[in-house]
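Next come the chains, spelled out residue by residue.
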Amino acid sequence: MAAALFTIPIPPCGAHPGGAITATRPRPAVYLLAWASPPDNRITTAFCRALLAALDVLEFGGYAPGVVVTTSAIPKFYSNGLDLEHAVATEGFWPLYFDVWRRFLTFPMPTLALLNGHTYAGGLMLAMAHDYRLAPSPRGFLCLNELLFGAPLKPAMAALFRHKLTPASYRAVALEARRFAAPDAVRLGLADAVATGLDDALRFVDDNDLLEKPSAGVYGVIKAEMHSPLLAELRGPGLDAEERRFAEHQQHEGERKEFGRLWYEQWQRDNKAKL
């Protein structure tokens, strides 16, 4: 039986009633963070702060170095993504959300996302910030569906997938917005293996000797250097510069489209005059 360690509440946030992240220890030095934020684990400010707090407790609470596994206590969803309306309307949301990624990308223990259900959009981004991912079986899809509901990828979001995937896989994920079942997710590099539950995650930990990796104390340092180009785009001057570049590109695109519309109207008039 897994040993209970602590619980971090997820306060109510707008339309979301709140919930909790519960930490257990299914075996020595394996720490399972299971979140439940009904109905579908939408990522909000409250969710991000609770997750950062849970990671802080594991790092600074005197626990032995080991492996952090995240999953959902809601069987159908690992996470259905951001509450986009909340994200857009809440000052400081994006830096906070990207700080959650940074925390996983530099965490001094191996991190493993056990995707037990649908993992969409911002939920898939959160999973991609982990060191490893296990795709759900028999049910559950992985999907970056921003294309389908008209939300552009922010520069940091594009950078995350560009950093983690091959160009061909990135194209399939971002420009096709397909729902990937477990075998295709593994083939594309979105996931490392398939899992039906916690036992498969524990087997993955054993098969890859993950418990040994953080013991020397440099695991997080090596991760940070490995991911340094991506980390530079997730906060501070790097994030600001990429946001400015994106905004300037959008402005130039608006000007190009306006010029194109005026050119087309003139072209139509000129051609009608010749008839």
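Note that this is a predicted model, so its numbers are computed, not measured.

J.: I tried to follow the overall build of the protein on my own but got confused; where do I start?
T.: Summing up its helical and strand segments, the protein has 12 helices and 10 strands in all. The dimensions of the protein, computed from C-alpha atoms along their principal axes, are 85 × 40 × 40 Å. Per-residue burial for the protein yields a buried fraction of 49% across its 275 residues. Nonlocal contacts in the protein, meaning residues at least 24 apart in sequence, comprise 70% of its contacts between residues at least 6 apart. Total accessible area on the protein is roughly 13500 Å²; 58% of this is exposed by carbon and sulfur atoms. Computed over 28 positive and 29 negative side-chain charges, the inter-centroid distance for the protein is 4 Å.

J.: Looking at this structure, how should I read a nonpolar patch on the surface?
T.: A grouping of Phe259, Trp263, Tyr264 and Trp267 is seen on the molecular surface, where their side chains present a nonpolar patch of about 510 Å² in accessible area. One can find Phe259 in helix H12 (residues 236-274). You can call Phe259 exposed: its relative accessible area is 59%.

J.: Help me understand the pattern of salt bridges, please; the structure alone is not making it clear to me.
T.: Any two side chains of opposite charge can pair if their charged atoms end up close together. This structure, assessed with the given rule, holds 13 salt bridges. In this structure, Arg103 and Asp56 form a salt bridge, with 2.7 Å as the shortest nitrogen-oxygen distance. Taken as a pair, Arg103 in helix H3 (residues 93-106) and Asp56 in helix H1 (residues 45-60) lie far apart in primary sequence, 47 residues in all. Residue classification places Arg103 among the buried residues on the basis of a relative accessible area of 16%. Using a relative accessible area of 33% as the deciding quantity, one classes Asp56 as partly exposed. Across the salt bridge formed by Lys223 and Asp131, the nearest N and O atoms sit 2.9 Å from each other. Of the two residues, Lys223 sits in helix H10 (residues 219-226) while Asp131 sits in the loop between helix H4 (122-128) and strand E8 (132-136), which places them 92 residues apart along the sequence.

Calculation rules
Residues numbered from 1 in each chain as written. Predicted model: local features only at pLDDT ≥ 70, side-chain atom pairs only at ≥ 80, totals over all residues. Heavy atoms only, no water. Helix = DSSP H or I, 4+ residues; strand = E, 2+ residues; numbered from the N terminus. Buried < 20%, exposed > 50% of the residue type's maximum accessible area, 1.4 Å probe, protein only. Contact = heavy atoms within 4.5 Å. Areas by Shrake-Rupley, 256 points an atom, 1.4 Å probe, with all protein chains shown as cover. Lys, Arg positive; Asp, Glu negative; His and termini not counted. Charge placed at Lys NZ, Arg CZ, Asp CG, Glu CD. Patch = residues over 30% accessible without salt bridge, like charges linked within 9 Å, V, L, I, M, F, W, Y side chains within 5 Å. Salt bridge = Lys/Arg side-chain N within 4 Å of Asp/Glu carboxyl O.

So, to be careful, I would describe these as geometric facts and stop short of saying anything about function.
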